[in-house]
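For reference, the chains in residue letters:
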Amino acid sequence: MQQIILTVIIAAVVIVLLVLSIRIVPQANTYVVERLGRYHTTLQAGFHVIIPLVDRIAKKISMMEQVVDFAPQPVITKDNVTMRIDTVLYYRVTDPKLYAYGVNNPLIALENLTSTTLRNVIGEMELDETLTSRETINTNIRSAMEKATEAWGIEITRVELKNITPPAAIQDAMEKQMKAERERREAILIAEGEKQSAILVAEGKKQSAILNAEGEKEAAILRAEAAKQATILRAEAAREASIREAEGHGKAIELIQESNAKGIEALNQKEPSEKVLRLKSLEAFAKAADGKATKIIIPAEIQSMAGLVTAAKELAVSDAPAEGV
């Protein structure tokens, strides 16, 4: 019976030791293992076996990025203005061994380091620069803290100024300044609006005057062009009439010449007598005498016919009374 009890006890002890020797590390976590009081190894996520009563888990460390919101800290600017600033710190563990053995309490160390670094950075800046340069302050604090936290196995990923609270008097003065600035900007905007309105009105009048002048100019040009075209058309009509009249005269002359030519041709065909020819010569001489020439040269043939003409004239005169009776 005692042997059975002993066997059961031994089996129970073995089971307990086996259970104690098995360690399962969750994702994004690491376990720092000490063997006989000294650092032995770091267990990553997964299944592990350790030696019970010899190895122990000294520290369980999360590898995820951590966020710490520190309480507001009083700081003094370069121009001796006291304000309160609360910060938010983002960090993650990069070396579990250094994190476990580098500093006793990492969170308190980070808070104090953030507070002192913030005072140093703000102490080199004036109030207005502090209120408008948050990104610069964040970068300077992060750069200064990285040198110290590297030995702790911690990486500072980001530092943010959550709130900056200046004194009440400063806040009141800032509000008055902002109100005055807003009123100044409003006045400037109103003046700019009136200026632009006046400019637009003047531009409109200018454009209207230009367009009116251009319209009058175009109208005068069109009137001049119309008068020019009318003059040209009248001149062309007169020229065309002259041409037509000249052509009519020419045509009439041609017809007369053709008629005379036909008459001569008819006479030639009929073989006129000497008396007829002499009579035609006298008719031609009479037509020549009716002209404006001051001198007339009478051919010899016509001179011989003068007596005949005189006789014919006398005969005509003598016959006139008889006709009247």
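Scroll up to find the structure.
Here the structure is a predicted model, which means the values were calculated and not measured. (Residues numbered from 1 in each chain as written. Predicted model: local features only at pLDDT ≥ 70, side-chain atom pairs only at ≥ 80, totals over all residues. Heavy atoms only, no water.)

Colleague: Pulling in residues and values, what's your account of the packing of aromatic side chains?
Modeller: Under the defined criterion, the tally for this structure stands at one aromatic pair. Pairing tyrosine 39 with tyrosine 101 gives two aromatic rings, centres 6.0 Å apart and planes at 80 degrees, and the pair type is edge-to-face. Of this pair, tyrosine 39 sits in strand E3 (residues 38-43) while tyrosine 101 sits in helix H2 (residues 96-101), and the two are 62 residues apart along the sequence. With a relative accessible area of 30%, tyrosine 39 lands in the partly exposed category. Given a relative accessible area of 40%, tyrosine 101 falls into the partly exposed group. (Phe/Tyr/Trp six-rings, centres within 6.5 Å; stacked < 30°, edge-to-face > 60°. Helix = DSSP H or I, 4+ residues; strand = E, 2+ residues; numbered from the N terminus. Buried < 20%, exposed > 50% of the residue type's maximum accessible area, 1.4 Å probe, protein only.)

Colleague: Please give an account of the environment of isoleucine 22 that cites residues and values.
Modeller: Note on placement: isoleucine 22 falls in strand E1 (residues 22-25). By relative accessible area, isoleucine 22 is classed as partly exposed at 38%. Considered as a pair, isoleucine 22 and isoleucine 50 are 28 residues apart in the sequence and their alpha carbons are 6.5 Å apart. What isoleucine 22 contacts, discounting residues up to four positions off in sequence, is Phe47 and His48. (Contact = heavy atoms within 4.5 Å.)

Colleague: Residues and numbers for the pattern of salt bridges, please.
Modeller: Proximity of charged atoms lets side chains of opposite charge pair with each other. The full count for this structure, using the stated rule, is 11 salt bridges. With its nearest N and O atoms 2.9 Å apart, the salt bridge here joins lysine 162 to aspartate 69. Here lysine 162 is found in strand E9 (residues 154-165), whereas its partner aspartate 69 is found in strand E6 (residues 66-69), with 93 residues between them in sequence. Take lysine 162: its relative accessible area is 41%, and that puts it in the partly exposed class. (Salt bridge = Lys/Arg side-chain N within 4 Å of Asp/Glu carboxyl O.)

By themselves, these are just geometric observations and shouldn't be taken as functional.
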